[in-house]
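The residues making up each chain are set out below.
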Amino acid sequence: MTRPKEPVTQAIRTLRGARISFEGHVYDYEPGGGTAHSSQALGVDEHWVIKTLIMEDDHRRPLIVLMHGDRQVSTKALARHLGVKSIQPCDPKTADRHSGYQVGGTSPFGTRHPMPVYCERSIADLARIYINGGKRGYLISLAPADLLRVLRPQLVDVATD
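Overview of the structure.

Cut-offs and rules
- Residues numbered from 1 in each chain as written.
- Predicted model: local features only at pLDDT ≥ 70, side-chain atom pairs only at ≥ 80, totals over all residues.
- Heavy atoms only, no water.
- Helix = DSSP H or I, 4+ residues; strand = E, 2+ residues; numbered from the N terminus.
- Rg over C-alpha atoms; globule rule 2.2 N^0.38 Å.
- Buried < 20%, exposed > 50% of the residue type's maximum accessible area, 1.4 Å probe, protein only.
- Contact = heavy atoms within 4.5 Å.
- Areas by Shrake-Rupley, 256 points an atom, 1.4 Å probe, with all protein chains shown as cover.
- Lys, Arg positive; Asp, Glu negative; His and termini not counted.
- Charge placed at Lys NZ, Arg CZ, Asp CG, Glu CD.
- 1 Å grid on protein atoms, 1.4 Å probe; cavity = no way out; pocket = protein on both sides within 12 Å on 5 of 7 lines; lining within 4 Å.
- Points joined across faces, edges and corners; volume = space filled by probe spheres on them.
- Nonpolar A, V, L, I, M, F, W, Y, C, P; charged D, E, K, R; others polar.
- Pairing = 2+ DSSP bridges.

1. Section: the overall build of the chain
No. 1: Summing up its helical and strand segments, the chain has 5 helices and 10 strands in all.
No. 2: For the chain, whose C-alpha radius of gyration is 15 Å, the value lies close to the compact-globule estimate of 15 Å for 161 residues.
No. 3: Projected onto its principal axes, the C-alpha coordinates of the chain cover approximately 55 × 30 × 30 Å.
No. 4: Expressed as a percentage of the 161 residues in the chain, the buried residues total 47%.
No. 5: Nonlocal contacts in the chain, meaning residues at least 24 apart in sequence, comprise 60% of its contacts between residues at least 6 apart.
No. 6: Only carbon and sulfur atoms are counted for the fraction: they give 48% of the accessible area of the chain, which is about 8,600 Å².
No. 7: Averaging the positions of the 21 positive and the 17 negative side-chain charges in the chain gives two centres separated by 8 Å.

Shown next as structure tokens:
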């Protein structure tokens, strides 16, 4: 059986340009399946699969939040941390416009527009993470230290169960 061809996305170009070592993982995308589906398809713990969420503050300024697949973002805690009135997820069309990726295939690497990145602090403690490679049905695995080096996110404590 032949291995599915891995896509070359802007995220992949960004990582290669930064000389980051990663491994690609192609799986059958399921609309609405989220990290529960992708973690099951790849046989990894959902906690290791990182969601890339495009959100905006009350002034409609976009930002990226990286969160464990099995956790949610406390938008109130994030708003307090940022000193803004509120934070909410962008609607899919707006998220696509900011990131340059389709929802379900959003990667924090190589976004269309630069945005501040906020990463749940405990992600940095994992041995390896799985995060979207810029296409639906395609995750990449890499060391969290490499993610931190390329994205230079602000570490935050905003996870809820």
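2. Structural notes on unusual backbone geometry
No. 1: A positive phi angle, close to 60 degrees, is found at Arg19, a residue other than glycine.
No. 2: Relative to the helices and strands, Arg19 is located in the loop between α1 (10–17) and β1 (23–26).
No. 3: On the basis of relative accessibility, which here comes to 77%, the residue Arg19 falls in the exposed class.
No. 4: Non-glycine residue Arg60 carries a positive phi angle of around 65 degrees.
No. 5: You can see Arg60 is positioned in the loop between β2 (49–57) and β3 (62–68).
No. 6: The exposure class assigned to Arg60 is exposed, which follows from its relative accessible area of 55%.

3. A few points about the layout of surface pockets
No. 1: The space that makes up the largest pocket amounts to roughly 590 Å³.
No. 2: Lining the largest pocket are 28 residues, with Thr52, Leu53, Val103, Gly104 and Gly105 positioned closest to its centre.
No. 3: Only α2 (34–42), β2 and α4 (92–99) provide two or more residues apiece to the lining of the largest pocket.
No. 4: The element that contributes the greatest number of residues to the lining of the largest pocket is β2, accounting for 7 residues.
No. 5: Across the lining of the largest pocket, the residue classes break down as 13 nonpolar, 11 polar and 4 charged.

4. Focus on the pairing of β2
No. 1: The buried count for β2 comes to 8 of 9 residues, which makes it a mostly enclosed element.
No. 2: In this sheet, strand β7 (residues 129–135) lies alongside β2 in parallel orientation, the contact comprising 2 bridges. Residue Val49 lies in a different strand from β7, and its bridge partner there is Tyr130.
No. 3: Pairing between β2 and β3: 7 bridges, direction antiparallel.

So, to be careful, I would describe these as geometric facts and stop short of saying anything about function.
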